[in-house]
Structures are given as C-alpha cells and as structure tokens.
Amino acid sequence: MITKFDSSYVGSVDLENPGYGGTPINDRHYPNQELASVLHKAVAYAKQMDTRGYDTFWMAEHHFQPEGTECIPNLLMMALHLAGVTKNLRIGCGFNVVPMWHPLRLAEDYAMADVLTGGRVIFGVARGYHTREVESFGAPLTDQAANRELFEEGVDIVFKAFNEERFSHKGTHYTIPPAVPYRGYTLKDITLVPRPLRLPVECWQPIQSGSERAFDFMAKHGISGVIGGGSAEGGAVDKHMTAFQAAYARRGIKLELGERLSLGFQFFIAENREAAMRAAGKYYEENMKMFGELRLVRALSDEQIAAMRDPRLAANTKLPRIEDAVKAGGFLAGTAADIIEQLKAVEKRYPGLNRVSCGMALGTPLAVALEQLDRFANEVMPAFRTVRAAAAE
C-alpha cells in the first residue's frame, strides 16, 4: 500500500527554449548568479512540500555543470539548511556519489547531519555517471569495473564506521587506520566521532543495470532501492523488483514484492491527458537530451543521441516523445483521477511498495513546479490517505 509520497529536484535552472528543437545542452551556459539560484529553488521546493504533507524531498549531487542542469554539489550541506527552514519534511540524499568522496569524510558528514537534524536527513549512495564529475575528482568512471570496485569498498567502510564502535579496514584502495605512531602507541583501529544516533542507518541507492552483483551488495548492507529515471523503461521495473527480492531472499530475508523499494515518476496534472503532455512535453525532451547521451536510457541508438545534440537532425529523426513515456507508465499525465488510477494499478501490482516519488521534468519553471506539487498534494495524495485511514480502523 502506498503510504509515502516523495518528490525530487536535481538542481536545474528554469531552462528557456526547451525541447529537441530548442537550445542544445552543450550550448547552454549560465552566469554564476543564475546557477547559484538553484539553491534558493531547492528551498522553495522544500517549503512547499513541507506544508503539503510530502514525506521526503530528494536532491542529486552533481558538479561542474555551467549548462544549468544539475547544480547542487553538496547534499549534506543543503540538507542541513533545509532541515532548518522546514518542520517535518525529511531530506533525502539522492545520491552521494561515493567514488568522489573519502568514505570517512562522507560517514562523518552524514553522522553530523543525523545528529543535528534529529534523523531527518536520509542517506544515499551511488557510483556516478558523469565522466566530467567523477574523473575530475580523481576517481575512475570510464573504467566501470574500477568504479564499481572503488564504490563497493567505500560503502563497506562507511557502514563499518556507522556500525562499529572501533573499526579497521585493509583493502585495495584504503588502509584505515595507517599503522603510524600516535601518543605512545601504534594505531590499529579508529572510532567515528560522532557516529549516527539512529542505527541501522537508512540508506537508498539508485537501480540502473540491476545486476545480481549490485543487488547482492545492496542486500548485504540492507540498502533500499529507487527504480526510476532512465532505468524503468521496457519492462525493467518487473525484472528489478523480482531480482531485488531474490537478493534479499538469498540472505534469508523475505520481502513482499516492492518492499524496500521506491518507484520514481514524472508527472503533470491538467484538464486532460493531451493538455498535460503539451505542457510537459518540451521539458520531457530536455530530460532525454540530458540523460540519453549518458546512457541512462539504454534503448537509444547512436543516431538518436546525435540528433539530440543538433536541432537540425532532431526534426527528421524518430526520438522518444512524452507520449511514449506516458504509454509505458513512466510519466503520469492527465487529470488527478487519471494519475490516481495509474498509481492504484501500481499499488496492486507491487503489494510491498509503500513509497513513490513524483517530480517534474528537468528545467520545469519553478512557478509551474510549485503549482504542480500543490495540486498533486491536494488532488492525488488524499485518495491514498483515505484508504490508509480506513484500513487502520
């Protein structure tokens, strides 16, 4: 039963001239003042969600994007600020890119956020997908095997730091602590100070390829998964749901289908489905222009990706349209009743699912996004709360 509604904001400016026929991503370049404005946009999102009964506001960690697409470099700093200007909303790290962090620094910073906010900041981990970001921080990404190895070792260290009062680690990339003299003895272990007060730490990770290795690693640490964005097309949701469930079963943990998972959707509410698609279509295309080339939408051909870079090619190339996403179920468009019907079907299909995240496409103007968040809270969410209240009686 769906009981928690989240939304997300990746940190984009209000993109002008959107769509396949609009300004190419690589031709966008915004002044620093406008890039910095996304931090204030995040505040506006969070305040709106806090007063409308949403559960968690998710943000994405990204770097070095003068194109104005993803401009929040430090989720934990942003989360601490947002917790101070809201009352009940939880703030989700979606996600801390582990290969770009020293794992001890990441563990320390999250622990401070947990302590100072009373547990309102939710931890998240990911491997990264922008070469410009990850490789600029000195970590591998073009070498996917090396990236995964560094990610897994980093996460192992983070959870050791969270869960063990005294710990040590000796691996491929890190030896913690180094065997150095300290105040008359040789270091053999260290303690994270402070450690999180809420243990075990709630942690989320995006599901992309959905390999058995990835799912087994998540189950090892009790990590929950987010299915959405580019990973949900073409029947991947069912496959990921069952593979995730099976990985936990291999560790002796029985989950209902959908349990410990969240499904991510984009949405737009209007007087009918066609009007919703017209209003959101160009911003959906901006999403494809941004994420398609990064291979987060796996069905795209090299020809389609090249056309997304060049409006002259886009006009004569078959490209994914919002109509396709609506038909596939990844984009919720139409009246509130239409969206309720779609979410009820999802709820029935995955009985263990209790959380969904519904947000706007990349670059949607702030005023439009806030209006849509308000409508979703007032027109969609009550249909699920009424059922939940009745079940509790």
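Definitions and limits used
Residues numbered from 1 in each chain as written. Predicted model: local features only at pLDDT ≥ 70, side-chain atom pairs only at ≥ 80, totals over all residues. Heavy atoms only, no water. Helix = DSSP H or I, 4+ residues; strand = E, 2+ residues; numbered from the N terminus. Rg over C-alpha atoms; globule rule 2.2 N^0.38 Å. Buried < 20%, exposed > 50% of the residue type's maximum accessible area, 1.4 Å probe, protein only. Contact = heavy atoms within 4.5 Å. Areas by Shrake-Rupley, 256 points an atom, 1.4 Å probe, with all protein chains shown as cover. Lys, Arg positive; Asp, Glu negative; His and termini not counted. Charge placed at Lys NZ, Arg CZ, Asp CG, Glu CD. Pairing = 2+ DSSP bridges. Phe/Tyr/Trp six-rings, centres within 6.5 Å; stacked < 30°, edge-to-face > 60°. Lys NZ or Arg CZ within 6 Å of the ring centre and 35° of its normal. Core = buried A, V, L, I, M, F, W, Y, C linked by side-chain atoms within 4.5 Å. Salt bridge = Lys/Arg side-chain N within 4 Å of Asp/Glu carboxyl O. Polar contact = N/O pair within 3.5 Å; in protein donor to acceptor, adjacent residues only side chain to side chain.

Let us now look at the overall build of the protein. For the protein, the count of helices and strands is 14 helices and 14 strands. Compactness check: the protein gives a C-alpha radius of gyration of 21 Å against a globular reference of 21 Å for 393 residues, within 12% of the reference. In terms of overall dimensions, the protein has C-alpha extents of about 75 × 55 × 40 Å along its principal axes. The buried share of the protein, reckoned over its 393 residues, is 54%. Sequence-distant contacts in the protein: of pairs separated by 6 or more residues, those separated by 24 or more amount to 74%. Carbon and sulfur atoms form 53% of the exposed surface of the protein, whose accessible area is close to 17500 Å². Taking the average place of the 44 positive charges on the side chains of the protein and the average place of its 47 negative ones, the gap between the two points comes to 4 Å.

A few words now on unusual backbone geometry. P194 follows V193 through a cis peptide bond whose omega is -10 degrees. Inspection of the secondary structure puts P194 in the loop between β9 (185-186) and β10 (203-206). L199 connects to P200 through a cis peptide bond whose omega is -5 degrees. On the secondary structure map, P200 appears in the loop between β9 and β10. The phi dihedral of N17 is positive, around 50 degrees, even though this residue is not glycine. Here N17 lies in the loop between β1 (4-9) and α1 (32-52).

Remark: a regular strand shows side chains that alternate across the two faces of the sheet. Taken together, the three bridges between β1 and strand β14 (residues 355-359) define a ladder with parallel strand orientation. Across the sheet, F5 pairs through a bridge with V356, a residue of β14. In this sheet, strand β2 (residues 56-59) lies alongside β1 in parallel orientation, the contact comprising three bridges. What sits directly across from S8, in β2, is W58.

Of note, A107 is situated in helix α3 (residues 103-117). For A107, a relative accessible area of 0% puts it in the buried group. As for A107 and V155, which are separated by 48 residues in sequence, their C-alpha atoms are 9.3 Å apart. Here A107 is in contact with V158, A161, F162 and L192, once residues within four sequence places are set aside.

For the structure shown, the criterion picks out 19 aromatic pairs. An angle of 55 degrees between the planes, with centres 5.9 Å apart, marks the rings of F151 and F217 as tilted. Of this pair, F151 sits in helix α5 (residues 144-163) while F217 sits in helix α6 (residues 212-221), and the two are 66 residues apart along the sequence. Members of the aromatic cluster, connected to one another through ring pairs, are F5, Y54, F267, F376 and F384. Positioned above the aromatic ring of F384, the side-chain terminus of K344 is 4.3 Å from the ring centre.

What follows concerns the nonpolar core. Counting residues in hydrophobic clusters, the biggest one holds 99 residues, and the most contacted among them are F57, L263, L343 and F376. With eight residues, α5 is the single largest residue contributor to this core. Among residues more than four places away in sequence, those in contact with F376 are F5, Y54, F267, I269, I339, L343, C358 and M381. In this structure, Y20, M277, I322 and V326 belong to the second largest nonpolar core, which totals 21 residues.

On to the pattern of salt bridges, then. As enumerated under the stated definition, the model contains 22 salt bridges in all. When the shortest N-O distance is used, the salt bridge between D55 and R90 registers 3.2 Å. One end of the pair, D55, is in the loop between α1 and β2; the other, R90, is in strand β3 (residues 90-93), with 35 residues separating them in the sequence. Between E285 and R321 there is a salt bridge; the shortest N-O distance is 3.0 Å. Residue E285 is found in helix α8 (residues 273-291), and its partner R321 is found in the loop between α10 (311-314) and α11 (322-328); the two are separated by 36 residues along the sequence. The class of R321 is partly exposed, set by a relative accessible area of 31%.

Now for the side chain of T23. Relative to the helices and strands, T23 is located in the loop between β1 and α1. Under the relative-accessibility criterion, T23 is labelled buried at 17%. A polar atom in the side chain of T23 sits 3.0 Å from the side chain of N17. If we skip the residues at most four places from it in the chain, T23 touches E16, N17, R28, E286 and K289.

For the rest of this paragraph, the subject is the environment of M49. Its place among the elements puts M49 in helix α1. Among all residues touching M49, those that are not within four sequence positions of it are D6, S7, Y54, T56, F57, L89 and L373.

As for its position among the elements, M77 is in helix α2 (residues 75-85). Taking the C-alpha atoms as reference points, M77 and G352, 275 residues apart in sequence, are found 33 Å from one another.

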